[in-house]
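# Residue-level structure breakdown
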Amino acid sequence: METESEPYVRLASLRQLHQVMADMNTARSLADTLQTVSDGVVQALGYELACVNLVRPDGDLVVAAFSGNAAAEALITGRVGSRESWDRRLGMGEHWGGGLIYIPHTEGWVLDDDDVPQWYTDGPAPRFEDEWHPSDRLFAPMYAPGPPGGVSGELIGVLSVDRPRNGRRPGAWGREALQMYAFQAAIAISNARLRANMQRALVRLERDQQALRASEESFRQAFEYAPSGMAIAEMGGDQHGRILRTNDALCRLLGRPASAMRRYSFSDLVHPEDIGTLLRTSAEGGRAELRLGRRDGSYVWVSLRNSVVADAADGPRFLLTHVEDIEERKRRELQLAHRASHDSLTGLPNSAELRSRLSARLCQQRPAHAGALETVDAAYGHSAVVETNGQGFDFRSGTQAYDAYDHHVHTVAPEGDLDDGAKGLAVLFCDLDGFKSINDRFGHNAGDAVLIEVARRLSGGVRDGDTVARLGGDEFVVLADGLGRADAQDLAVRLRNEIIQPIRVDGRAVRVGASFGIGWAHCGMTADEVLKSADERMYVEKRSRPKQHRRAG
């Protein structure tokens, strides 16, 4: 059998981590951003204590935010540690994943007397190899974003974390989550600094002509050389929303020259599925995550954040939009979500995902005329509201709201034992015969190889749109919609014939058999009831065959 290489990650934990990362980018000031970064470690990553050490202009690091203990916060917040002492720490210990520094208590005692502000925690000595010691130290350096495809920029701060709530050193997922969090925190801090600089520049625009010229130059530098994309668009008039100016980072991100960008508004570039999100985004302080089109026809995930650049005499003049590339974060989020909903050995949907997909097709009310209906996929949508008061993101007159609907078509099952032509959602419950003997004779590695090959054969034997899932052990389930009774029986025979073919494992050929039970899903049943029905039919089918014929050989 397979061995779990990663801990089970609850979707609630992923959502909480995603929310904390989103909060970092919506803080109103640099101080709020730093405190949000520190609080997020405690709230979402499972540590009791967290500290943000920020690099000052002179190179030393100051404790800028602390979370988890009010007494320790009052003691060390605002204290400074020298850059020399910090460089010594970041060069010690174990380097995890290329981004984290772990200094065990057996090495860290030499740091007790340096000038870096630190707290002390009491606790018993570890009893297990991976148990956290009160004197262990874990640091996550934060670097400014570098150029696309290049190395990271300069060090802007260090996250210090302590006392994992589970009492153990973080595993692979915990390390990756902390490293990803530090990467996003560095971007949030850099952007908070950039926004603060830009806001100060915008204030100077209201002064006299001499100050105005100086502020315009400062704004130009911040705009042109910002590591993230920036755009300025018109507000009001016939050309409302047309892009007037873009920086080089945005042009590189979308693969379009600045001259071509001036022919578009963001509504021309957004993915069709995200137009509703764009239209609902407020011009003043609005924020949205959506996809923008590149010149080559592909799309990139970005975070848009708006602010209005106002003229003291005439009111709002143009819209300033900050465009941040979040493609990597979205990819990591999808990977983490996939791990939580799929079997780590075979890559198939796991039991929870199978029940989720099955439940999505079922409602609690059984149709009165179930035999007269055909099953189709339910269609879902959500309405979009277009603001017409000038505060919406897009900017074209005549843009219409996107209508949507929420519709459920009942799932029914063929009635009776004869194939009367009715179609339904077939649930094929598969249990391997003779698999345990392979585990016992050749070991779990051989058993894992057999499970992987069976999963591949099952996936190759169904249609696009059908679901093949692993319940656990040697049990698999196939969901196939639009089948009659004869169709489902033919599918079970074809899949069994695929499974019983010899499987090569470590130079030897092994074979397993398969027993199939066919159940039918219909509204009024729960997912567990559907699976139980198919499971019972599988055991009836297994017992109906002599034991010597259950295996292929």
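Predicted model, so just to flag it, every value in this text is computed and none were measured. (Residues numbered from 1 in each chain as written. Predicted model: local features only at pLDDT ≥ 70, side-chain atom pairs only at ≥ 80, totals over all residues. Heavy atoms only, no water.)

### Here we look at the packing of aromatic side chains
- One pass over the structure, following the stated rule, counts four aromatic pairs.
- Residues Trp86 and Phe139 carry aromatic rings whose centres are separated by 5.4 Å and whose planes lie at 75° to one another, so their mutual orientation is edge-to-face. In this pair, Trp86 sits in helix H4 (residues 83–90) while Phe139 sits in strand S6 (residues 137–143), placing the two residues 53 residues apart along the sequence. Neither Trp86 nor Phe139 differs from the other in exposure class; each is buried.
- Ring geometry for Tyr102 and Trp132: centres 6.1 Å apart, planes at 55°, overall tilted. Highlighted residues: Tyr102 in strand S5 (residues 100–103) and Trp132 in the loop between helix H5 (105–108) and S6, separated in sequence by 30 residues. Take Tyr102 and Trp132: they sit in the same class, and that class is buried.
- Feature note: the residues Trp96, Tyr102 and Trp132 constitute an aromatic cluster, connected by ring pairs.
- Between the NZ or CZ atom of Arg89 and the centre of the ring of Trp86, over which it lies, the distance is 5.8 Å.
- Across from the ring centre of Trp96, 3.7 Å away, lies the NZ or CZ of Arg175, which sits over that ring. (Phe/Tyr/Trp six-rings, centres within 6.5 Å; stacked < 30°, edge-to-face > 60°. Helix = DSSP H or I, 4+ residues; strand = E, 2+ residues; numbered from the N terminus. Buried < 20%, exposed > 50% of the residue type's maximum accessible area, 1.4 Å probe, protein only. Lys NZ or Arg CZ within 6 Å of the ring centre and 35° of its normal.)

### Some details on unusual backbone geometry
- At Arg163, a position not held by glycine, the phi torsion is positive, near 55°.
- Note on placement: Arg163 falls in strand S7 (residues 155–164).

### Thoughts on the pairing of strand S8 (residues 229–234)
- Burial analysis of S8 places five of its six residues in the buried class, which makes it a mostly covered element.
- Note: S8 against strand S9 (residues 243–246), three bridges, orientation antiparallel. Its bridge partner being in S9, Ala233 is matched across the sheet by Ile243. (Pairing = 2+ DSSP bridges.)

### Details of the sheet that holds strand S15 (residues 475–483)
- Judged by pairing direction, the sheet is antiparallel, and its four strands sit side by side in the order S14-S15-S13-S18 without closing on themselves. Of all the strands in the sheet, just strand S14 (467–472) and strand S18 (513–521) have a single pairing partner and so form its edges. Here the average twist between neighbouring strands, direction ignored, is 25°.
- In this structure, strand S13 (residues 424–433) lies alongside S15, joined through seven bridges in antiparallel fashion. Across the sheet, Cys430 pairs through a bridge with Phe476, a residue of S15.
- The strands that helix H17 (residues 527–543) touches are S13, S15 and S18; relative to S18, the one it contacts most, it runs at about 140°. (Axes fitted to C-alpha atoms, helices over the stretch in contact; angles between N-to-C directions. Contact = heavy atoms within 4.5 Å.)

### Some points on the confidence of the model for the chain
- In this model, the chain carries an average pLDDT of 81, and 80% of its residues clear a pLDDT of 70 or more.
- Here residues 369–406 is modelled with pLDDT under 50, and outside its nearest four sequence neighbours on either side it reaches 82 contacts, counting other chains as well. (pLDDT = per-residue confidence, 0-100.)

### Focus on helix H16 (residues 485–499)
- Under the 1.5 Å per step criterion, the end-to-end length of H16 is 21 Å for 15 residues, consistent within 8% with the ideal 21 Å.
- All of the buried residues along H16 are Arg485, Ala488, Leu491, Ala492, Leu495, Arg496 and Ile499. The buried residues of H16 occupy an angular sector of 130° when the element is viewed end-on, so they sit on one face.
- Buried positions along H16 lie against S13, helix H15 (444–460), S15, S18 and H17. (Expected span 1.5 Å × (residues − 1). Arc of directions from axis to C-beta.)

### Concerning H17
- Between its first and last C-alpha atoms H17 spans 25 Å; for 17 residues at 1.5 Å apiece the expected length is 24 Å, and the two agree.
- Of the residues making up H17, those classed as buried are Ala527, Val530, Leu531, Ala534, Met538, Glu541 and Lys542. Seen from one end, H17 has its buried residues packed into an arc of 110°, which puts them on one side. With respect to the buried face of H17, the exposed residues turned more than 90 degrees away are Lys532, Val540 and Arg543.

### Considerations on the nonpolar core
- By size, the foremost hydrophobic cluster in this structure holds 40 residues, and its most contacted members are Leu138, Met142, Leu159 and Tyr181.
- Among the elements that make up this core, the one with the highest residue count is helix H6 (residues 172–204) (10 residues).
- Beyond its immediate chain neighbours, meaning those up to four positions away, Met142 contacts Val52, Glu154, Leu155, Ile156, Gly157, Val158, Leu159, Ala182, Ala185, Ala186 and Ile189.
- Leu345, Ala446, Ile503 and Phe516 belong to the second largest nonpolar core, which has 33 residues in total. (Core = buried A, V, L, I, M, F, W, Y, C linked by side-chain atoms within 4.5 Å.)

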